[in-house]
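Structural features, examined
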Amino acid sequence: MGKRPFLEMAAGFICGISIAVYGKPWTLWLLFSGILLWPAIVTGHDRGMPESDRYSVRKRRWCMAVCSAAALFLGWHHCGGVQAEQNQYLPYLEDGEEILLNGKLTGKEQKNEQYLYNLSSCQIRQDSKISEWQRISASIIIYCESDTCSIGQTLVLHGKIKLFNRARNEGNFDQAAYYKARGTAFAVSDVDEVSAYGKANLIAEKMYQWKYHLAGLYEQALGVREGGVLSTMLLGEKNLLDAEVKQLYRTAGISHILAISGLHIAVIGMTLYRLLRKGSFGFWGSGIFAAVFMILYGMMTGMGYSSFRAVSMFCILLLGQAVGRSYDSLNAMGFTALLILWKQPFALYDAGFQLSFIAVLGVVWAGKIVQSAYQRHAVLQKIGTGFVLQLVILPVTAWYFYEIPVYAMLLNLLVLPTSGIVLASGIFALPVGIFVIEIAKRVVFPGKCVLFFYEKLCEVVGWIPHSTWIAGSPKLWQCVAYYVMLA
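Here we summarise the structure given alongside this text. This one's a predicted model, so the numbers in the text were calculated from it and none came from an experiment.

Moving on: the overall build of the protein chain. Each helix and strand in the protein chain was counted, giving 17 helices and eight strands. A compact globule built from 487 residues should have a C-alpha radius of gyration of about 23 Å, and the protein chain, at 24 Å, falls within 12% of that. With respect to the principal axes defined by its C-alpha atoms, the protein chain has extents near 75 × 60 × 55 Å. Within the span of the protein chain, comprising 487 residues, buried residues form 44% of the whole. Entry remark: accessible area of the protein chain is about 26000 Å², with carbon and sulfur atoms responsible for 62%. Taken together, the 42 basic and 32 acidic charged side chains of the protein chain have centroids lying 13 Å from each other.

In structure tokens, the structure reads:
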């Protein structure tokens, strides 16, 4: 205890949220006491150390025990407060009820020929029940027929409440849980009387416009089918993704390459940073420019949990290099988890959040194991890391999707090493495509060939008998037992 303070505090904060949602108050105090007593329990391991080293180690343990216990209590208190605030208004909302609403437009996207506005810092007024404006802690989605407002403006509108649906059967999509994990309380449809005032966020609005402009370039260069895949991979624009291709990727177990993740940040961010370093910009100049660029890129792609984690960890890496400190990926991951969970505690129960962070744990853990086993074989290291990573995320896949792609581990041995070709060709095609689309078609052609290969590979796997195992959702104790045996 004490080597990775942010990781340990994040673990305490996560336990606090879990107790607030599912546990009993006595479990909080039991775990709280256990954390504080842990340094006293492990004092026997300090025998044989010099007295000065023993004192510093014990001091560090006690300090981290206090911080972790405080994080546990803070996570429980913070999550309980968010739940109590939501319970003040959510039980009184009715589907189809007319409502007056004002809030700040923080994001928008195009979906199914509609515009989805995301409003935060909202206030509502139900004429029949509440005469005064009531503050809403969560965000609200607005379904609009046209895009007439800019990000950053405050909107005042009238519409009808649209509550999110619960899953009726096991394995169905739970819309309510999905949006709760993203901090969204409900949606508003049949909107009329929209008025906007206030200053627009020019940077965020420009990133939104560029996103769809670049997606259009991919569609021209690759066609609708492959262009939709590349737009999803590099721009986070899922609306253009063909439903058949999405199902093929998901069934084969390679849909993770469609998410904005650490791979994108490594390819884009680190390439830019190293080029700037070669240009004699220095650690600080190169780091600041690369960090700002990647933050803007994250804004353009929607800054989901996976991309926020990757961008934040990338910025911490650059900061460490600038100040001359070593980078610890697990400590950086813990700090990023605290940032996300403080803003939205229920993100802990989002599939994307869990898969993103568990994948990082798997890569670090598998990397150490495989590197020690195959020190002189770089190819075997990559294969082994990918194989162990698939084993690590397997229970989470079964938990949320009720099925396991049986051949995903073998398939990813072909997909992961070649995904960089798709990303690189897509990235280099953008600056060319802005000026001459015909040259962009040639630049992106290698990526188009790889995407065609992926699609045919998924089709072949789909023909193999028993390619998908309908396992159902495992029990919690089964997941724990699996990870213990895997460790």
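Now that the structure is up, let's keep going.
Okay, empty space enclosed by the protein next. Applying the stated criterion to the full structure yields one cavity of 30 Å³ or more. There is about 50 Å³ of room inside the largest cavity. L217, Y218, A221, A429, L430, G433, I437, A440 and V444 are the residues that line the largest cavity. Elements supplying a minimum of two residues to the lining of the largest cavity: helix 5 (202-222), helix 14 (408-433) and helix 15 (437-443). Classifying every residue of the lining of the largest cavity by side-chain character gives eight nonpolar, one polar and no charged.

For F453, the location among the structural elements is in helix 16 (residues 445-463). Residue classification places F453 among the partly exposed residues on the basis of a relative accessible area of 38%. A C-alpha to C-alpha distance of 43 Å links F453 and F13, two positions 440 residues apart in sequence.

It is worth spelling out the pairing of strand 2 (residues 114-125) at this point. The pairing of strand 1 (residues 98-111) with strand 2 spans ten bridges and is classified as antiparallel. Along strand 2, the bridge assignment pairs Q110 with Y115. In this antiparallel pair of consecutive strands, strand 1 and strand 2, the connection spans two residues, and N112 shows a positive phi of 50°. Pairing analysis gives five bridges linking strand 2 to strand 4 (residues 139-144), with the strands arranged antiparallel. Among the inter-strand pairings, N118 is bridged to a residue of strand 4, identified as I141. Bridge count between strand 2 and strand 3 (residues 134-136): three bridges; the pairing is antiparallel. Directly across from Q123, in strand 3, lies its bridge partner R135.

For G236, the location among the structural elements is in the loop between helix 6 (224-235) and helix 7 (243-252). Each C-alpha atom of the pair G236 and A215 lies 9.6 Å from the other, and the pair is 21 residues apart in sequence. In this view, G236 contacts K211, S231, I260 and T301; residues no more than four positions away in its chain are not counted.

As a further point, take the pairing of strand 6 (residues 184-197). Sheet topology note: the strand 4/strand 6 ladder contains four bridges and is parallel. By the bridge assignment for strand 6, I140 is matched with F186.

The tally for this structure, following the rule as stated, stands at 13 aromatic pairs. Between F13 and W342 the ring centres are 6.3 Å apart and the planes differ by 50°, which places this aromatic pair in the tilted class. Within this pair, whereas F13 is found in helix 1 (residues 5-22), its partner W342 is found in helix 11 (residues 329-343), the two being separated by 329 residues in sequence. With a relative accessible area of 3%, F13 lands in the buried category. Its relative accessible area of 44% is what places W342 among the partly exposed residues. Considering the side-chain rings of W29 and F32, the 5.8 Å spacing of their centres and the 75° angle between planes classify their relative orientation as edge-to-face. Taken together, the residues span about one helical turn, with W29 and F32 both in helix 2 (residues 25-41) at a distance of three residues. Residue class for F32 comes out partly exposed when judged on its relative accessible area of 22%. A cation sits over an aromatic face here: R182 above Y178, 3.9 Å from the ring centre. When the ring centre of F283 is taken as origin, the NZ or CZ atom of R277, which lies over that ring, is 3.9 Å away.

Overall, the coordinates contain 13 salt bridges when judged by the stated rule. Two residues, D242 and R225, come together in a salt bridge whose shortest N-O distance is 3.7 Å. Residue D242 is located in the loop between helix 6 and helix 7, and its partner R225 is located in helix 6; the two are separated by 17 residues in the primary sequence. Among the residues examined, R225 registers a relative accessible area of 24% and is labelled partly exposed. Among the salt bridges present, the one from K456 reaches E459, with a minimum N-O distance of 3.6 Å. Separated by three residues within a single helix, K456 and E459 lie in helix 16, roughly one turn from each other.

Attention now moves to the nonpolar core. Within the largest apolar cluster, 52 residues are counted, with the highest numbers of intra-cluster contacts made by V229, Y249, Y297 and Y454. Ignoring anything within four residues of it in the chain, the contact list for Y454 reads Y249, I257, V415, T418, S419 and V422. Residues M64, A71, V82 and A337 belong to the second largest nonpolar core, which totals 25 residues.

Here is what the cut-offs are and how they apply
- Residues numbered from 1 in each chain as written.
- Predicted model: local features only at pLDDT ≥ 70, side-chain atom pairs only at ≥ 80, totals over all residues.
- Heavy atoms only, no water.
- Helix = DSSP H or I, 4+ residues; strand = E, 2+ residues; numbered from the N terminus.
- Rg over C-alpha atoms; globule rule 2.2 N^0.38 Å.
- Buried < 20%, exposed > 50% of the residue type's maximum accessible area, 1.4 Å probe, protein only.
- Areas by Shrake-Rupley, 256 points an atom, 1.4 Å probe, with all protein chains shown as cover.
- Lys, Arg positive; Asp, Glu negative; His and termini not counted.
- Charge placed at Lys NZ, Arg CZ, Asp CG, Glu CD.
- 1 Å grid on protein atoms, 1.4 Å probe; cavity = no way out; pocket = protein on both sides within 12 Å on 5 of 7 lines; lining within 4 Å.
- Points joined across faces, edges and corners; volume = space filled by probe spheres on them.
- Nonpolar A, V, L, I, M, F, W, Y, C, P; charged D, E, K, R; others polar.
- Pairing = 2+ DSSP bridges.
- Contact = heavy atoms within 4.5 Å.
- Phe/Tyr/Trp six-rings, centres within 6.5 Å; stacked < 30°, edge-to-face > 60°.
- Lys NZ or Arg CZ within 6 Å of the ring centre and 35° of its normal.
- Salt bridge = Lys/Arg side-chain N within 4 Å of Asp/Glu carboxyl O.
- Core = buried A, V, L, I, M, F, W, Y, C linked by side-chain atoms within 4.5 Å.

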